[in-house]
Amino acid sequence: MVVVFGIFVFYVPLRLAASDNHTRLSMLKPFRLLGPILIVLGVIGYIMSIWRFIAEAAASPMMGDSGKIITTGIYRYTRNPIYIFVWMVLFGESLFFTSLDLLYYLIFWIVIFNLLVRFAEEPYMRAQFGEEYDQYCRKVPRWFPALPRRRRRNG
């Protein structure tokens, strides 16, 4: 898992950014310093998400190895925090390198993860956990947490 993360989230993007025909996007320059912040937060979130999964499920986050549904920590707010934190790192790299190529690379992984989750992981989890997983899906969004709703005051 760590090797895959290292290759696809650091090695490949750094190679793309170092390429002679790398396309820079000048409109990202004002946000360049936000890049390292997103990268660090993404790596920390990735590690924490995997750690929670391993500690709580006593399994790896690989499909087919899940012993139970994780519903605590960040998993209370999103069903797929590992992917979100990968996207955060890739977006941070896009900003830092002011790279159109890395934005395309990020979009590629967003599409791949969406297909993987919708057509492989979710059907597997439904088959494995049934109604328990369906209830979890009704409560927790697939990707980004919903903003808390403000309570209306009567009167």
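Residues numbered from 1 in each chain as written. Predicted model: local features only at pLDDT ≥ 70, side-chain atom pairs only at ≥ 80, totals over all residues. Heavy atoms only, no water.

Details of the overall build of the protein chain
At step 1: Along its length, the protein chain carries 5 helices and 0 strands.
At step 2: Each helix (α) and strand (β) of the protein chain, taken in turn from the N terminus, gives the series α-α-α-α-α.
At step 3: Here the protein chain, with 155 residues, has 39% of them falling under the buried criterion.
At step 4: At a minimum sequence separation of 6, the contacts of the protein chain that also span at least 24 residues come to 73%. (Helix = DSSP H or I, 4+ residues; strand = E, 2+ residues; numbered from the N terminus. Buried < 20%, exposed > 50% of the residue type's maximum accessible area, 1.4 Å probe, protein only. Contact = heavy atoms within 4.5 Å.)

Focus on the packing of helix H1 (residues 2-18) against helix H3 (residues 81-96)
At step 1: Viewed as axis vectors pointing N to C, H1 and H3 meet at an angle of 10°, and their least axial separation amounts to 10 Å. The orientation of H1 with respect to H3, classified from their angle, is roughly parallel. Two secondary-structure elements touch here, H1 through Phe-5, Phe-8, Val-9, Phe-10 and Pro-13 and H3 through Val-86, Val-89, Leu-90 and Glu-93. (Axes fitted to C-alpha atoms, helices over the stretch in contact; angles between N-to-C directions. Parallel < 35°, antiparallel > 145°, perpendicular 65-115°, else oblique.)

What to know about the side chain of Thr-98
At step 1: One can find Thr-98 in the loop between H3 and helix H4 (100-129).
At step 2: We classify Thr-98 as buried; its relative accessible area is 4%.
At step 3: Apart from the residues within four sequence positions on either side, Thr-98 is in contact with Thr-23, Arg-24, Leu-25, Leu-28, Lys-29 and Arg-32.

Thoughts on the pattern of salt bridges
At step 1: A full pass over the atoms with the stated rule returns 4 salt bridges.
At step 2: Two residues, Glu-122 and Arg-79, come together in a salt bridge whose shortest N-O distance is 2.8 Å. One end of the pair, Glu-122, is in helix H4; the other, Arg-79, is in the loop between helix H2 (34-57) and H3, with 43 residues separating them in the sequence. Here the two residues Glu-122 and Arg-79 agree in accessibility, since each one is buried.
At step 3: With its nearest N and O atoms 2.7 Å apart, the salt bridge here joins Asp-134 to Arg-126.
At step 4: Through salt bridges with shared partners, a single network forms among Arg-79, Glu-122 and Arg-142. (Salt bridge = Lys/Arg side-chain N within 4 Å of Asp/Glu carboxyl O.)

Re the side chain of Asn-80
At step 1: Along the polypeptide, Asn-80 turns up in the loop between H2 and H3.
At step 2: Its relative accessible area of 8% is what places Asn-80 among the buried residues.
At step 3: Of the polar contacts made by the side chain of Asn-80, one reaches the backbone oxygen of Arg-142; its length is 2.8 Å.
At step 4: Setting aside residues up to four positions removed in sequence, Asn-80 forms contacts with Val-117, Glu-121, Arg-142 and Trp-143. (Polar contact = N/O pair within 3.5 Å; in protein donor to acceptor, adjacent residues only side chain to side chain.)

What to know about the packing of aromatic side chains
At step 1: Scanning all chains against the criterion turns up 14 aromatic pairs.
At step 2: Ring centres of Phe-5 and Phe-10 lie 5.7 Å apart, and the angle between their planes is 75°; this geometry places the pair in the edge-to-face category.
At step 3: Measuring from ring centre to ring centre gives 6.2 Å for Trp-87 and Phe-144, while their planes differ by 40°; the resulting arrangement is tilted. Within this pair, whereas Trp-87 is found in helix H3, its partner Phe-144 is found in the segment after helix H5 (131-139), the two being separated by 57 residues in sequence.
At step 4: For Trp-87, a relative accessible area of 7% puts it in the buried group.
At step 5: We classify Phe-144 as exposed; its relative accessible area is 53%.
At step 6: Through a chain of ring-to-ring contacts, the aromatic side chains of Phe-8, Tyr-83, Trp-87, Tyr-105, Phe-108, Trp-109, Phe-113, Trp-143 and Phe-144 assemble into a single cluster.
At step 7: Above the ring of Phe-96, the side-chain terminus of Arg-32 is found at 4.3 Å from the ring centroid. (Phe/Tyr/Trp six-rings, centres within 6.5 Å; stacked < 30°, edge-to-face > 60°. Lys NZ or Arg CZ within 6 Å of the ring centre and 35° of its normal.)

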